[in-house]
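Architecture and fold: a report
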Amino acid sequence: MADFTKISQALIKGDAKTVKELTEKAVAEGIAPGTVIQEGLISGMSVIAERFKKNEIYVPEVLIAARAMHTGLGVLKPLLTESETEAAEVFLIGTVKGDLHDIGKNLVAMMMEGAGFRVVDLGVDVPAEKFVDAIREHKPSIVGLSALLTTTMVAMKDTLEAIKASEFKDKVKVMIGGAPVTQNYADEIGADGYAPDASTAVDVAKQLVGVA
Amino acid sequence: MLIIGELINTSRKKIGEAVQAGDIQYLQQVAKDQVEAGAHVLDVNCGTIIGKEPETLEWLVKLVQEVVDVPLCLDSPDPVALERALQAHKGTAMINSISLEKERYEAILPLLKGTDCSVVALCMDDKGMPENVEQGVELASRLVDGLGEEGVDPDRIYLDPLVRSVGTGPHYGIMFLETVKAIKEKYPTVHITCGLSNISFGLPQRRLLNRTFLVMAMAAGMDSAIMDPLDKVIMAHLYAARAVLGQDEFCADYITAQREGKLEV
């Protein structure tokens, strides 16, 4: 019988090798891949998110836990049926035009993936049009915009305006975050959500799609 | 070792509030404190004051220079804000910053030509930041050579090889140090500066990492830093590092710092 707690614990410790072994074992026992993701990986990452929010663990520890999660997902993803893959809410993320910072964006992407979203990461320095094109292609429920600089924060407004001007106006929620960003700024530019850190971003995203 | 005091930046909560409230006295006090603590140049940044950055930067320059007699490091990517700040500035200013990003390069260059301003030059281009020593040196070379052709001598340039956290990539620390060494070998008269505290992002006891990094970077040839001069511990390490590296003749500054109580931390 598969022990999901052991998978979670190995993930929390960042022990990628054990996560991979236990995941393979669970699959061999005939447990549905979706169940292993939910009970083993996602539950482990939610502990990481919680501890990170409380400043009990540090960025490198989140990174190694995420690496462990990815080894597990590497085993499971190819086994998911099309309907299972499509059932997950899509979270599209990128750092806005002019900004090359990726740490915060990557942390949010990892946390979202760890919370069960299917994440599409557009990378850094992403122009507004590229966001709109990617929405057309990937049909996300939520778009996350990241910026670290006061000077590039304004590109969030441009991106948001481009989305609001597109046919996806009411079909996608937009949330923003990054060091200089505040709730006030989110309200000012009309974003649907704001999160001060990667863990909170998960809570906000869940609220926005109504699964909180 | 040129110390650029980083505290007057509106993305810091108290400074942002003071600027919004027009609290000149507080801002002037922060300026005085930094110079007293050993800053040679003061950075001024009001990038969070969206829509009113030019007039705010000009206002900051004037009020800071009313109380301290040091050059300022005018910190903005906006050429309009920089130009206004430059006009208000007394003495030779430093501009923060130029980079090889096409748009920024073309916007900032005219401000340097025909002046004797120094400039912080970020080692990055439209493709991004360097991922290894070779790329870092290549970006630095393009900056020094390119600016040289426009009449900006290496000793006016403060290259920033860009510090990233060892918490997100364990190679970023050693890569920075090796890049500094290689740049100094190729261009002995160019200066190197950086925003120190990036090294420790996401890690505990950041100040411990920051000061360890400062000492190592000085040994590699870094001769300036954008930092908090009110952090007594890091300043004590700076005095000690200068003495060890032979940058403090007869250890005079180190001894004076001891008499002023600056080493007992």
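Residues numbered from 1 in each chain as written. Chains lettered and ligands numbered in written order. Predicted model: local features only at pLDDT ≥ 70, side-chain atom pairs only at ≥ 80, totals over all residues. Heavy atoms only, no water.

A word on the nonpolar core
All names here are of chain B. Using the following cut-off: Here, nonpolar core means buried Ala, Val, Leu, Ile, Met, Phe, Trp, Tyr and Cys residues that are tied together by side-chain atoms lying within 4.5 Å of each other. Relative accessibility decides the category of a residue: with a 1.4 Å probe and only protein chains considered, values under 20% of the type maximum give buried, values over 50% give exposed, and everything between is partly exposed. Elements are defined by DSSP. Helices are runs of H or I of four residues or more, strands are runs of E of two residues or more, and each kind is numbered from the N terminus. Here a residue-residue contact requires only that any non-hydrogen atoms of the pair lie within 4.5 Å.
Residues Ile-98, Leu-159 and Met-222 are the most contacted members of the largest nonpolar core, which totals 74 residues. Looking at this core element by element, the count peaks at six residues for helix 6 (residues 133–149). With residues near it in sequence (within four places) discarded, Ile-98 still touches Arg-104, Tyr-105, Ile-108, Leu-109, Leu-112, Val-119, Val-120, Ala-121, Leu-122, Leu-143 and Leu-147.

Things to note about the packing of helix 4 (residues 59–76) of chain A against helix 6 (residues 103–114) of chain A
Residue and element names in this part refer to chain A. Which entries qualify depends on this criterion: For helices, the fitted line uses only the C-alpha atoms of the stretch in contact; every axis is such a line through C-alpha atoms, and the angle between N-to-C directions lies from 0 to 180 degrees. Roughly parallel covers angles under 35 degrees, roughly antiparallel covers those over 145, roughly perpendicular covers 65 to 115, and oblique covers all other angles. Two helices crossing with the near one rotated counterclockwise from the far one by less than a right angle form a left-handed crossing, whereas a clockwise rotation gives a right-handed crossing. For this scheme, ten residues count as nonpolar: Ala, Val, Leu, Ile, Met, Phe, Trp, Tyr, Cys and Pro. Four count as charged, namely Asp, Glu, Lys and Arg, and the remainder, Gly too, count as polar.
Relative to each other, helix 4 and helix 6 sit at 45°, their axes nearing to 10 Å. Classified by the interaxial angle, the pair formed by helix 4 and helix 6 is oblique. As helix 4 runs across helix 6, the sense of the crossing is left-handed. Taking contact as the criterion, the partners of Val-59, Val-62, Leu-63, Ala-66, Met-69, His-70 and Leu-73 in helix 4 are, on helix 6, Leu-107, Met-110, Met-111, Glu-113 and Gly-114. Looking at the contact of helix 4 with helix 6 residue by residue, the classes come out as nine nonpolar, two polar and one charged.

A word on the state of the cysteines
All names here are of chain B. Put simply, the rule reads: What counts as a disulfide here is a pair of cysteine sulfur atoms lying within 2.5 Å.
Using the criterion set out here, one finds zero disulfides over all chains in the structure. Of all cysteine sulfurs, the one in Cys-117 lies closest to Cys-73, which takes part in no disulfide; the gap is 11 Å. Judged by its relative accessible area of 0%, Cys-73 is buried.

Notes on the packing of aromatic side chains
Residue and element names in this part refer to chain A. Going by this rule: The criterion for an aromatic pair is that two Phe, Tyr or Trp rings (for Trp, the six-membered ring) have centres within 6.5 Å, with stacked assigned to planes under 30 degrees apart, edge-to-face to planes over 60 apart and tilted to the rest.
All chains considered together, the criterion is met by two aromatic pairs over all chains. On the numbers, 6.3 Å between centres and 65° between planes, the contact of Phe-91 with Phe-117 is edge-to-face. On the criterion of sequence distance, the pair formed by Phe-91 in strand 1 (residues 90–95) and Phe-117 in the loop between helix 6 and strand 2 (118–121) is long-range, its members being 26 residues apart. The two residues Phe-91 and Phe-117 agree in class, both being buried.

Considering the sheet that holds strand 3 (residues 142–146) of chain A
Residues and elements named next belong to chain A. Let me state the cut-off plainly: Two strands form a pair only when DSSP identifies at least two bridges running between them.
With parallel pairing, the five strands of this open sheet are ordered in space as 2-1-3-4-5. Each edge of the open sheet is held by one strand with a lone partner, namely strand 2 and strand 5 (193–194). As defined by bridge partners, strand 1 adjoins strand 2 across four bridges and the pair is classed as parallel. Each bridged residue has a counterpart across the sheet, and for Ile-93 the counterpart in strand 2 is Asp-121. The strands touched by helix 6 within the sheet are strand 1, strand 2, strand 3 and strand 4 (173–177), with strand 1 carrying the most contacts at an inclination of about 170°. Most of the contacts of helix 10 (residues 198–209) go to strand 4, to which it runs at about 165°, and overall it touches strand 3, strand 4 and strand 5.

Points about the interface of chain B and chain A
To be explicit about the condition: Put simply, buried area is the surface a 1.4 Å probe can reach on two separate parts but cannot reach once they are joined, added for both. We define a salt bridge as a contact between a side-chain nitrogen of Lys or Arg and a carboxyl oxygen of Asp or Glu at a distance within 4 Å. Under this definition, polar contacts are N or O atom pairs within 3.5 Å; protein pairs additionally need one hydrogen-donor-capable and one acceptor-capable atom, and for neighbouring residues in sequence, both atoms have to be side-chain atoms.
Taken together, the contact pairs 16 residues of chain B with 13 residues of chain A. When residues of chain B are sorted by the area they lose upon contact with chain A, Ile-50, Thr-168 and Gly-202 of chain B head the list and together hold 31% of the total. Inspection of the chain B/chain A interface yields zero salt bridges. Counting across the chain B and chain A interface gives one residue pair in polar contact (both at pLDDT 80 or more). Here the side of chain B that touches chain A is built from residues that sort into seven nonpolar, six polar and three charged.

Any functional reading would require information beyond the geometric quantities listed.
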